[in-house]
Amino acid sequence: MNTLPLPLEGITVVAVEQAVAAPFATRQLADLGARVIKVERPDGGDFARGYDTAARGLASHFVWCNRGKESLAVDLKDPRGLAVVRELVAGADVFVQNLAQGAAARLGLDAASLCAAHPRLVAVDISGYGADGPYAHRRAYDMLVQCEAGLVSVTGTADRPVKAGIPAADIAAAMYAFSGVLAALLRRANTGRGGPVEVSMLDALAEWMGHPLHQGTHGSAPPARTGLAHSVIAPYDAYATADGEQVLLSVQNDREWRRLAEQVLGRPELADDPDFATNAARTVNRERTDEAVGRGLAGLTGREALAGLEAAGIACARLNTVADVAAHPQLAARDRWREVGTPVGPLRALLPPITLPGSEEARMGAVPALGEHTDALLRALGMTDEQTSVLRRDGVIV
């Protein structure tokens, strides 16, 4: 059987990007076969390169978001550097930027301007709060947008709200930018025209607020912060076992509660007790419900508890650490790990979640050093070694 090529083979993306939202979006495009040219500042590049040194000396955010790209280090404030990027955009299929609000427009690199000049181009503006409105020019870091979108208000415990432990606002915007590019490319295939794509972090994360937003909008109280518990389902939480593990379980209906009581807790009388027999009753009596479940699991090891819950058909899981995830047997069994090249040698990385059976495997290219591809890209534009030497001498490129 012939293997299909990756779906974005032949697509060229130019990205003036930094941090997480745009880089994570364009990494999805690179994984699916697109050529992604990452435009960075000569003086340090994408500032995410300096977030930490946790990935064997490299920044973990940068390694995560930037594999498979070519790095062009060029000063956009110098007319010569801007001209290089404009020439690259003229031959590209997609342009993505997430500069501070207004900065791309001042350079003529906003989506509207570029699409007017290049009708087939798909151009993406990613911002914190959108191009207009009273928040348009506010700084929009992930934690701030998590707060503005209300995510923090429904995350945490009754006593303390907390932000998500991953950059949820950045990731939400990235994935809508990614899907927006795919939609616009499909439209271009049908009409011959690309067009602008606009994504804001607030819009993206507000959409992800989903049911809490609908609850609050339509007259009900939004869900209370309940930690790992669920506001309207019980039991639904983590419970300690005899060996100190934390086992999570979720009982979705009263039939499951009966099986839990009879087969795991060893207390069949709880199945018919009016204080526990229905989910509504268990929710009202949440403390007593949790106490009964906790007492039943406390005499079992984590392995025994999970085995019993599985045998009874109760949804359950371990409360894994990051190290546990890195060694997760399901990821290993499905062969989800690969090695990605970096300036410090190969690093482990997960295959992207989109799997295309019958197609080439996702292209998990190397993480580039700053300016690693500058000379090759300028040569491809017809620039001589003497010309690049002048630009390098003047600090326009590295």
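Residues numbered from 1 in each chain as written. Predicted model: local features only at pLDDT ≥ 70, side-chain atom pairs only at ≥ 80, totals over all residues. Heavy atoms only, no water.

Novice: Can you lay out the sheet that holds strand β1 (residues 12–16) for me, pointing to particular residues and giving the numbers?
Specialist: Across the sheet, six strands lie side by side as β3-β2-β1-β4-β5-β6; this open sheet has parallel pairing. Single-partner strands in this sheet number two, and they are β3 (69–73) and β6 (195–200). Across the sheet, the axes of successive neighbouring strands diverge by a mean angle of 20 degrees, strand direction being ignored. Relative to strand β2 (residues 35–40), β1 is paired through five bridges, and the arrangement is parallel. Considered in β2, the bridge of V13 is made with V36. Seen against the sheet, helix α8 (residues 201–208) touches β5 (122–127) and β6 and runs at an angle of roughly 65 degrees to β6. (Pairing = 2+ DSSP bridges. Helix = DSSP H or I, 4+ residues; strand = E, 2+ residues; numbered from the N terminus. Axes fitted to C-alpha atoms, helices over the stretch in contact; angles between N-to-C directions. Contact = heavy atoms within 4.5 Å.)

Novice: Summarise the pairing of strand β11 (residues 347–350); cite the residues concerned and give the values.
Specialist: Burial of β11 is one-sided: the residues L347 and A349 facing one way are buried, the residues R348 and L350 facing the other way are not. Of the strand pairs in this sheet, strand β10 (residues 337–340) and β11 are connected by four bridges, and their pairing is antiparallel. Bridge assignment links E339 to a residue of β11, and that residue is R348. Where β10 folds back onto β11 in an antiparallel hairpin, the turn is made up of six residues, including G345, whose phi is positive at roughly 105 degrees. (Buried < 20%, exposed > 50% of the residue type's maximum accessible area, 1.4 Å probe, protein only.)

Novice: Pulling in residues and values, what's your account of the nonpolar core?
Specialist: If you look at the biggest cluster of nonpolar residues, it comprises 43 residues, and the most contacted ones within it are V13, V94, V96, V124 and I126. Of all elements in the fold, only β1, α1 (21–31), β4 (94–97), β5, α7 (168–191), β6 and α8 reach the threshold of two or more residues within this core. Among the elements that line this core, the one with the most residues is α7, at 11 residues. Setting aside its immediate chain neighbours within four residues, V96 contacts V13, V14, A15, V16, A22, T26, V124 and I126. Judged by nonpolar contacts, the second largest core, of 29 residues, contains I37, V84, A104 and I397. (Core = buried A, V, L, I, M, F, W, Y, C linked by side-chain atoms within 4.5 Å.)

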